[in-house]
Structures are given as structure tokens and as C-alpha cells.
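# Results of the structural survey
Take a look at the letters that make up each chain.
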Amino acid sequence: MGKGSQNKISSNRDWYDQLDRRLHPFSRFVVWTILFQVVFLVYWPSLKAPFVYDDIPCIAANPDLRFPFELGRFFSNHESSMQFDHRPLVGILTMINFQVAGLDVVAYRILNLLIHWSVAVVLGEFIIRLAMHFKVSGGRLMGMVTSVTWALHPLNTVTVIFISQRMESLMVLFYLLSLWSLFKAGKSGKIRYLIGSLVAAVACLAGKEVGVSLLASLLMLDRVCHFGSWKELAAIRWEFYLVSIIVWGAFVSWWMSGERIAELQGMVLSDPWLYFKTECRVLVDYVRKVFWPSPLVFVASPKVPVKWMEWGPFAVMLTLGFLVCARIAWKGQKWVWVPAFLFFLVLGPTSSFLPIPQEPEAEWRMYLPSACILVLFLAGCRFLVRKLEINPRILGIVLMGSILALAVGSWQRATTYRTAVSLWTDNVNKDPLSSKAWVNLGVSHYQQNNFEGVANVSKVLWNLGVSFDDPFTRANSLHMAAWVEMDREDFSKAETLLRQALSEESLGRYRPDFAYTLIRQGKIDEALEQLEICLKRNPEEVYALALYGEALIKSGKVEEGEIAHALCAKIAKNSAPLIEAKKRVEEHRLKIREE
């Protein structure tokens, strides 16, 4: 190598080092402050977007949030809190959110933005500390660029805008804090940091079940950063991990008693081997979206592999990717183990052999794993720039352009959420086979009294249900067809359609509407029977309670009916179902007086 080339490499390295040294704590504080403002601007179009999907039953119509002094609701099984079932941290935080702001969606999304920004700051600082520990040159710069890129990445928009998914961001926040505390505990095991790690771990586990992988991540980080062998780790840290195992065992036992365990049963993808093959393609697609985040789909349809070529090559690609990281780590870059293992460990509970058949693919699962891919990619870019003697300023310009493009992509994605109809229309256009998206599009049309749109969605759902022999989809199609008939006040035809829907889908989620059609036809006794079944399953379902009170009053049990309406008002004051039920009761009483 000539003297000129050596001077060029030295100059490039000096530029890196000078820029890296400028990122002292105050400079980073300024960057983090600016980042929050940029994130707020990027997500501005979505701040007033309505509640969507699980937000509606779990926030807008959730009676648990109306009782601020009954925190035990978030630690027990409860039908109305399915997204918060055995996830008390997010349930209690959302209850506080509700008590302060009611149903003002802006307040919920600002809190989500604050959590997202906090994760970005913790992520960046954690990467910087790791880089300094392993003496990685340019570590501060790598940590800052990774964090900023991640915070503005379109793949993470769903976790921020979809309010219920604050459980993912909260879980990740405490996941990182637990790792960071253990890292700061050092080999000597400073007690305050070990306790901090356990406290953060408990908060992580109380946020979402995916946090169960944290124990393996703590072991991996401890071994890579502090100990030369597993034997040494066990000899020094056995008390910490014994307590951790007890805590983890208690949480797993508690989770297994929850309502959400039913999600693992009763569908095609509940077979572990078939689910694993499906996830091989899903994982590769996740990685692709880190580099090319398009198309982004809010609720994707499951794509079940049949032939080896539909899953085998993806499994090979994932294996090769991990082996490349392992090779780099063994050659001296030990820090590479951390992001490589974290990627697979965080995704392990949802994307391996444990089947989650109702949702085999969800973009919010890449919330933390996407950061692992980004830090490995940026480290690779840094290595190539030095190896190929590329001017680092060129890399800086490319990175700035990429970050700007990602920010614009996130802003565009945020605009999609402005209305429920625009979100679900975008979803079905990108994934026409997603029956859940079609169902929610039909619900969105119904909420806007667009019954022509409801009728069109009903036809599409029926065709999908017949094509895939899916009773859930057919039942939703019949339910929407019944809505159309109810709007026409043909309650007899609506009753017939809903009877058929109930025969298709055993959960009976259409029972309140079925009872409504019976009440409107004067079949009060049968309506009461149906509503009692609903209320036995969920005693605080507002719509069912309002109808139950109406049916009781019309059957002559006025006092009992008034009690039911009083309970309904306590759960959801001024709710539309209660107002409409009381209006019909007054019309009924007026009619009796006239007769």
C-alpha cells in the first residue's frame, strides 16, 4: 500500500474519530431533543385518527377503564380487557390515560409517542455503552444513527399509531432497561443494578408475554460482556438467576391461566411444525421490510406453505445469516452476538414453534428486532467504507438521504390512519385475502351508516368464507347482511341471517344484534334468553345490558330493567346503545298509554 493510500485511510479514520468524539453527553441530549420534535412532526397526521381494531373493545368500549380504584381487574381474567388480559402494566397505564383524557385519541397517541421516543433514547445509549465496552471505534456515532433511523422507520408506525400496541413498546422499553441494568452491574454484580434489572424485568413481563425471552437475553449478555465461561457465570451469578427463574416461572404459570391462551388452539396453524414453516417465510419478509418497508399491511392474511420451496429456502437464508454473524463474532467482534441473538430471542415466542394461529404475522413484532438488523447493517457499512477506502462523507450523505426517505415514508403511512375506512381500504387493496381487514372495513362503513359499502363487503366476505371453508368469515358476512336488513327494518330477515351466523360461529359475538331483532319483533322471552347467555359470558357488555334492560321493561319487569340500565350507565355513561334503548322504551310506554 502506497503512502498516499495510508494517508487517505488515516484521514478517513480521523474524520470518524473527530465526529464520534463530538457526541459527548450534552450533544446527544440535543440530538434526542430534536429527535422528539421530528418524531412528533412525522406522526402528526395520525394524532386525531380514530380508535381502530382492538382499540374499540379494549379502550373505547372497555368498562374496566371506568373503575379507577379496581386495579384487580387488570390482574384477573376479564372478557372486556382481552388485549390487557394478564398484561397489567399496559392496562393500568391505559386506565390512567382514560381517567385523565377520557376518549380523546390525541392524548393516547401522544403518550405512545413519548414511549416510542423513550425507547429510541434508551436503545441509542445502550448501543453506545456496549460499543465503548468492546472498544468499537465510532460506537457513539453508530448508536446515534441506529437509534434515529429506527425511530423514524415506517415499520414501527403500527406500534405507535395502533394505541393497544403500546404493550409492545412498553415491553421493549423495560426489556432494554433490564439488559442495561445488568450490563452496568458488571462482573462484580453491583446490587443496586441487579435489583434494577429484576424490577425492569418484572415490568417487562407485566407488559407483554413476549418478554419471556428476556431471561435468555440476560444470560447471553452476561456471558458475552462479563464472563469468560458459563461455569464462571454460574459460580458468581447463580443467586440472581435463581430468583429470575422463580419470577419467570410464576409469570408463565399465571399467563397459562389467562383467557388469551385460547389463541393457541383450534385453527389450521395451531400445528407447531406447520406454524414453524410459515414463520420461516414471515421472518425473511420481516427482514426485507427493514430495508424496503413496502407494502406495509396492518392485518395480513396467513399464507400457509405447502411445498418445500415455499419455506425451505427461507429457513436456509435465516440459518446462513446467523452463521455469518457467528463467524464475525468468533473472529473477534464479540459484540455481534448481542444483536444477532436478540433478533431470534425476541421473535422466538411468536415466530418459532409456539403457534399463534390467529396472527402468524404482525409488523409490530419487529419493533425491537428491527433495531438489531439496523445496527448489524450499519456496522457492516462502516467496515466496508474503511475496507474499500470510501470517503466517509459519501456514506454520511447516503445515510442522511435514507433517514429522510424513511421519515417521509412514516409520514405517508401515518396519513393512512386518518380514518378507519382509509386504513382498511389500504389493507384490503394490499392484501385482498385478509378476511379480518374486510370485516373491519365493513364495520367502518357501518359506523358511518354507509350500508351500500356494508353490503359490498358482505359479498366479498361470503366468497372468501366459501373459498377457504372458513365459518368465521361466513358468519361475519351474514352478520353484515343482517345489518343491511336491520337498516331497512326488515327484522324478520335479519333474524334469519343472524340465526345462521350463530350456527356458523360458536362464540356468539352476534347474539346482542340477534336479541335486538327479536325485541323489535316482540319476541321478548327469546330475546331475554339470548341476552342472559351474553351477560353470563361478560356481565358488563354495554350493548347487551342496554338491550337486557329494555327487554325486561317491555316484559313488565320494570324495576329489574331500570337496575340493568343503571348498571349500564355506571359502566358507560351516555353510551349510544343505552340512549337508543331508553328511547325505544319511552316509545313503547307511550304506545301503551295510547292503547
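Because the structure is predicted, anything quoted here is derived from the model rather than measured.

### A few points about the overall build of the chain
Helices and strands together make up the secondary structure of the chain, namely 26 helices and 0 strands. Counting across all 595 residues of the chain, residues that qualify as buried make up 53%. The long-range fraction of contacts in the chain, counting pairs at least 24 apart against all pairs at least 6 apart in sequence, stands at 70%. Counting every atom, the chain has about 27100 Å² of accessible surface; 63% of that belongs to carbon and sulfur.

### Brief notes about the nonpolar core
W150, Y175, F298 and W424 are the most contacted members of the largest nonpolar core, which has 170 residues in total. Broken down by element, the residue count for this core peaks at 14 residues, all from helix α5 (residues 105-133).

### Remarks on the pattern of salt bridges
Taken as a whole and judged by the stated rule, the model has 22 salt bridges. Residues K208 and E168 are paired through a salt bridge, measuring 2.5 Å at the closest nitrogen-oxygen approach. Highlighted residues: K208 in the loop between α9 (191-205) and α10 (214-226) and E168 in helix α8 (residues 166-185), separated in sequence by 40 residues. In this structure, the salt-bridge partner of D285 is R288, at a minimum N-O distance of 2.9 Å. With D285 and R288 both in helix α12 (residues 272-291) and 3 residues apart, the pair spans about one turn of that helix. Accessibility expressed as a relative area gives 17% for D285, which makes it buried.

### Brief notes about the packing of α12 against helix α15 (residues 369-387)
Packing of α12 against α15 brings their axes to within 10 Å, and their N-to-C directions diverge by 60°. Looking at the two axes, α12 sits oblique to α15. Note on packing geometry: the crossing formed by α12 with α15 is right-handed. Residues V287, V290 and F291 of α12 lie in contact with α15, whose contacting residues are S370, I373, L374 and F377. Residues that form the contact of α12 with α15 fall into these classes: 6 nonpolar, 1 polar and no charged.

### Things to note about helix α13 (residues 312-330)
Look at α13: 27 Å from first C-alpha to last across 19 residues, which is about the 27 Å you get at 1.5 Å a residue. Each element contacted by the buried residues of α13 is listed here: α12, α14 (337-347) and α15. Backbone geometry just downstream of α13 places G332 in the positive-phi region, at approximately 125°.

### Examining the side chain of D426
Tracing the backbone shows D426 in helix α17 (residues 420-430). In this structure D426 comes out as buried when scored by relative accessible area, which is 17%. Beyond its immediate sequence surroundings of up to four residues, D426 is in contact with L296, R413 and T416.

### Digging into helix α6 (residues 139-151)
Helix length check: α6 (13 residues) gives 18 Å between terminal C-alpha atoms against 18 Å at 1.5 Å per residue, within 8%. The buried fraction of α6 is high, at 12 of 13 residues. Taken residue by residue, α6 has G139, L141, M142, G143, M144, V145, T146, S147, V148, T149, W150 and A151 as its buried positions.

### Observations regarding the packing of aromatic side chains
Here the structure, examined in full by the defined rule, presents 30 aromatic pairs. Aromatic pair Y53 and W424: ring centres 5.6 Å apart, planes at 65°, arrangement edge-to-face. Remark: W424 occurs in helix α17 and Y53 occurs in the loop between α2 (25-42) and α3 (55-60); sequence separation between them is 371 residues. Assigned by exposure class, Y53 and W424 land together as buried. Taking the centre distance of 5.8 Å and the plane angle of 85° together, the rings of Y446 and F451 count as edge-to-face.

### Details of a nonpolar patch on the surface
A cluster of nonpolar side chains, F383, L384, L388, I390, I394 and V398, forms an exposed patch at the surface whose accessible area comes to about 570 Å². At the level of secondary structure, the elements contributing two or more residues to the nonpolar patch comprise α15 and α16 (392-416). Its place among the elements puts L384 in helix α15. For L384, a relative accessible area of 45% puts it in the partly exposed group.

What counts, and where the lines are drawn
Residues numbered from 1 in each chain as written. Predicted model: local features only at pLDDT ≥ 70, side-chain atom pairs only at ≥ 80, totals over all residues. Heavy atoms only, no water. Helix = DSSP H or I, 4+ residues; strand = E, 2+ residues; numbered from the N terminus. Buried < 20%, exposed > 50% of the residue type's maximum accessible area, 1.4 Å probe, protein only. Contact = heavy atoms within 4.5 Å. Areas by Shrake-Rupley, 256 points an atom, 1.4 Å probe, with all protein chains shown as cover. Core = buried A, V, L, I, M, F, W, Y, C linked by side-chain atoms within 4.5 Å. Salt bridge = Lys/Arg side-chain N within 4 Å of Asp/Glu carboxyl O. Axes fitted to C-alpha atoms, helices over the stretch in contact; angles between N-to-C directions. Parallel < 35°, antiparallel > 145°, perpendicular 65-115°, else oblique. Left-handed = near helix turned anticlockwise from the far one by under 90°. Nonpolar A, V, L, I, M, F, W, Y, C, P; charged D, E, K, R; others polar. Expected span 1.5 Å × (residues − 1). Phe/Tyr/Trp six-rings, centres within 6.5 Å; stacked < 30°, edge-to-face > 60°. Patch = residues over 30% accessible without salt bridge, like charges linked within 9 Å, V, L, I, M, F, W, Y side chains within 5 Å.

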